[in-house]
Amino acid sequence: MTDKVPLTSAQPGMAAPPPYTEQAQHVQSQLFNDPLFCAKLDVIKNYEIRQANVLLEGATLGIWANTYVMSDLDRPTPVLNYKDGTTMQPTPVFLVREESNCCCRLCCPGNQPLTAKVFHAQPSPVAGDTVCGCYTGHKIVPDERSGVAMTLEREGCCSKFLGCFVCSEMCVNEMFMHAGDASVKPGTTKRESNQYFARSTQPIGGGGCTPTLNLVRTGETEPMAVVEGPTCFGGWMSACFDTLFKVSTEPGKSGDVATINKKRARGCFEWCMALCTNTDIYEVKMQDSYAGLDVDQRAAVLGNVIHLDYTFFENDPPPIQCRDDGSGNGVIICTLCEWFCYGCMFPMQVCIPYGQQ
């Protein structure tokens, strides 16, 4: 077990805390070679994980490779060169970039084989550009000196059947987590190997009507933590209400390790995100049991959020869409939510026809 490191957060009117230099004693781990990564995992207790490239995501109908910004919610920092310089946002700590084939993203969106590099991020966001009257968002860039903290790997279609009933290993949605900048191809890592430090995996049956992901150490079969969510989510339900997943040491949704909260839409821009794209915003809050986790377990909880997004929300249909036959006839489809059942997600929809026929 690691000793709990005191957390110093910024107070209004005071300077931000010093860089992440706190260190604690860890058991020997593949991640031990990156002391900055270990220090961040020790100090940070609350994260915001936000998908970036919103305009590109919308313009390409979701085909653009995903990018995620992981920030420290307890350490606000100003956005450089933005308006009057008083705009604050959580301090970026990691930048996650998907690496996958464009054709796979087009043919199997959300289920494509991929790797994702988790870079250390520059802590100071910079104001982005305005294109055609639309602000492109703050610029977050990787810290080239610190490199890659970990690599995520997921096997996808067509070597697996993802998004269906989880009736066999061929249907299991699974993500392996590697230390540092690992040179791996999706689907090459096996469970019995020691090339990874943890994996996030669906159980056979998918958890029944409870969407479930198990966090498992390398060389072990029993989960060190279980991630469980609600039976119904997505669509208008997720746009209007927060969606809560709980990370627990045992099944049952105690949430004694962490909570993962997919945030509802707030404000005009986030409503446009919810209606036109699959970009999402999460808040991850660590609970009391988190202090007793070692570095591998802490990194696994963080990497699991990316896997959770790909597994449950990348194929979430928009709350409202219109299908027109070109002659003035069509149907308006309102997706109220999706019902999770043994790995499949069934949309609960209201269809409103219009036109002459």
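Residues numbered from 1 in each chain as written. Predicted model: local features only at pLDDT ≥ 70, side-chain atom pairs only at ≥ 80, totals over all residues. Heavy atoms only, no water.

Student: In this structure, what is going on with the overall build of the chain? I would like to understand it.
Tutor: Secondary structure assignment for the chain yields 6 helices and 18 strands. In terms of overall size, the chain behaves like a compact globule, its C-alpha atoms giving a radius of gyration of 20 Å where 357 residues would be expected to give roughly 21 Å. Buried residues in the chain amount to 52% of all 357 residues. Restricting to contacts in the chain with at least 6 residues of sequence separation, those with at least 24 account for 57%. For the chain, the exposed area adds up to about 16,400 Å²; of that, 57% sits on carbon and sulfur atoms. (Helix = DSSP H or I, 4+ residues; strand = E, 2+ residues; numbered from the N terminus. Rg over C-alpha atoms; globule rule 2.2 N^0.38 Å. Buried < 20%, exposed > 50% of the residue type's maximum accessible area, 1.4 Å probe, protein only. Contact = heavy atoms within 4.5 Å. Areas by Shrake-Rupley, 256 points an atom, 1.4 Å probe, with all protein chains shown as cover.)

Student: What exactly am I supposed to notice about the nonpolar core here?
Tutor: Most often, soluble globular proteins have nonpolar side chains that are buried together. Ranked by size, the top nonpolar core spans 50 residues in total, and within it Tyr-47, Ile-49, Phe-94, Ile-260 and Leu-308 carry the most contacts. The dominant element in this core, judged by the number of residues it contributes, is helix α6 (residues 295-312), at 10 residues. Setting aside anything within four residues of it in sequence, one finds Ile-260 in contact with Val-227, Thr-243, Leu-244, Phe-245, Val-247, Tyr-282, Glu-283, Val-284, Asn-304, Val-305 and Leu-308. Counting residues in each nonpolar core, the second largest holds 6 residues, with Val-69, Leu-95, Ile-140 and Val-148 among its members. (Core = buried A, V, L, I, M, F, W, Y, C linked by side-chain atoms within 4.5 Å.)

Student: For this particular structure, what's the right way to read helix α1 (residues 35-43)?
Tutor: Helical periodicity: at 3.6 residues per turn, an α-helix aligns residues three or four positions apart in one direction. Within α1, 7 of the 9 residues are buried, leaving the element largely enclosed by the surrounding structure. Regarding α1, the residues found buried are Phe-37, Cys-38, Ala-39, Lys-40, Leu-41, Asp-42 and Val-43. Buried positions along α1 lie against β1 (46-51), β2 (67-78), β3 (88-99), β4 (114-120), β7 (148-154) and α6.

Student: Got a minute to help me understand the pairing of strand β14 (residues 258-262) in this structure?
Tutor: In regular strands, side chains alternate between the two faces of the sheet. Burial of β14 is extensive: 5 of the 5 residues sit out of reach of the surface. Direction of pairing for strand β13 (residues 243-248) relative to β14: antiparallel, over a ladder of 5 bridges. Looking at β14, one finds that Thr-243 is bridged to Lys-262. Of the pairings in the sheet, the one linking β14 to strand β15 (residues 281-286) comprises 5 bridges and is antiparallel in character. When the bridges of β15 are listed, Thr-259 appears paired with Lys-285. (Pairing = 2+ DSSP bridges.)

Student: Mind showing me how you'd approach the pattern of salt bridges here?
Tutor: Charged atoms that come close allow side chains of opposite charge to pair. Applying the stated criterion to the full structure yields 14 salt bridges. Between Asp-296 and Arg-217 there is a salt bridge, with the nearest N and O atoms lying 3.9 Å from each other. Placement of Asp-296 in helix α6 and of Arg-217 in strand β10 (residues 212-217) is noted, with a sequence separation of 79 residues between them. Residue Arg-217 is classed as buried on the basis of its relative accessible area of 18%. Each member of the salt-bridge network shares a partner with another, and the members are Glu-169, Glu-174, Arg-191 and Arg-199. (Salt bridge = Lys/Arg side-chain N within 4 Å of Asp/Glu carboxyl O.)

Student: Looking at this structure, how should I read the environment of Tyr-47?
Tutor: Tracing the backbone through its elements, the reader meets Tyr-47 in strand β1. A relative accessible area of 0% means that Tyr-47 is categorised as buried. Aside from chain neighbours lying at most four places away, what touches Tyr-47 is Lys-40, Leu-41, Ser-71, Leu-73, Val-93, Phe-94, Tyr-282, Glu-283, Val-284, Met-286 and Leu-302.

Student: Would you explain unusual backbone geometry in this entry?
Tutor: Residues apart from glycine generally show negative phi values, whereas peptide bonds are mostly found in trans. Cis rather than trans, the peptide bond between Cys-157 and Cys-158 has omega equal to 15 degrees. Here Cys-158 is to be found in the loop between β7 and β8 (174-179). The backbone phi angle of Lys-253 is positive, close to 65 degrees, even though this residue is not glycine. On the secondary structure map, Lys-253 appears in the loop between β13 and β14. We classify Lys-253 as partly exposed; its relative accessible area is 35%. You will see that Tyr-342, though not glycine, has its phi angle at about 55 degrees, which is positive. Within the fold, Tyr-342 resides in the loop between β17 (330-341) and β18 (344-354). Residue class for Tyr-342 comes out partly exposed when judged on its relative accessible area of 44%.

Student: Looking at this structure, how should I read the confidence of the model for the chain?
Tutor: Looking at the chain, pLDDT values average 87 and 90% of them are 70 or higher. Low pLDDT (under 50) marks residues 1-18, which in the prediction has 29 contacts with non-local residues, meaning those over four places away or in another chain. (pLDDT = per-residue confidence, 0-100.)

Student: I'm lost on the state of the cysteines in this one. Help?
Tutor: A covalent bond bridging the sulfur atoms of two cysteines is what the word disulfide describes. All chains considered together, the criterion is met by 0 disulfides. No disulfide involves Cys-322; its nearest neighbouring cysteine sulfur is the one of Cys-334, lying 10 Å away. (Disulfide = S-S within 2.5 Å.)

Student: Just checking my understanding: could you explain the side chain of Glu-283 for this structure?
Tutor: On the secondary structure map, Glu-283 appears in strand β15. Residue Glu-283 is classed as buried on the basis of its relative accessible area, which comes to 18%. Aside from chain neighbours lying at most four places away, what touches Glu-283 is Tyr-47, Leu-73, Thr-259, Ile-260, Asn-261 and Lys-263.

Student: Would you mind showing me how to read the packing of aromatic side chains here?
Tutor: In this description, an aromatic ring pair is defined by two values, namely the gap between the centres and the angle between the planes. Tallied over the full model, the rule gives 13 aromatic pairs. Their ring planes at 50 degrees and their centres at 6.1 Å tell us that Phe-165 and Phe-346 sit as a pair that is tilted. Pair noted here: Phe-165 is in the loop between β7 and β8 and Phe-346 is in strand β18, with a separation of 181 residues, a long-range link. Residue Phe-165 is classed as partly exposed on the basis of its relative accessible area of 41%. Judged by its relative accessible area of 31%, Phe-346 falls in the partly exposed class. Summarising the aromatic geometry, the rings of Phe-233 and Phe-312 are spaced 6.1 Å apart at their centres and angled 75 degrees between planes, so their arrangement reads as edge-to-face. (Phe/Tyr/Trp six-rings, centres within 6.5 Å; stacked < 30°, edge-to-face > 60°.)

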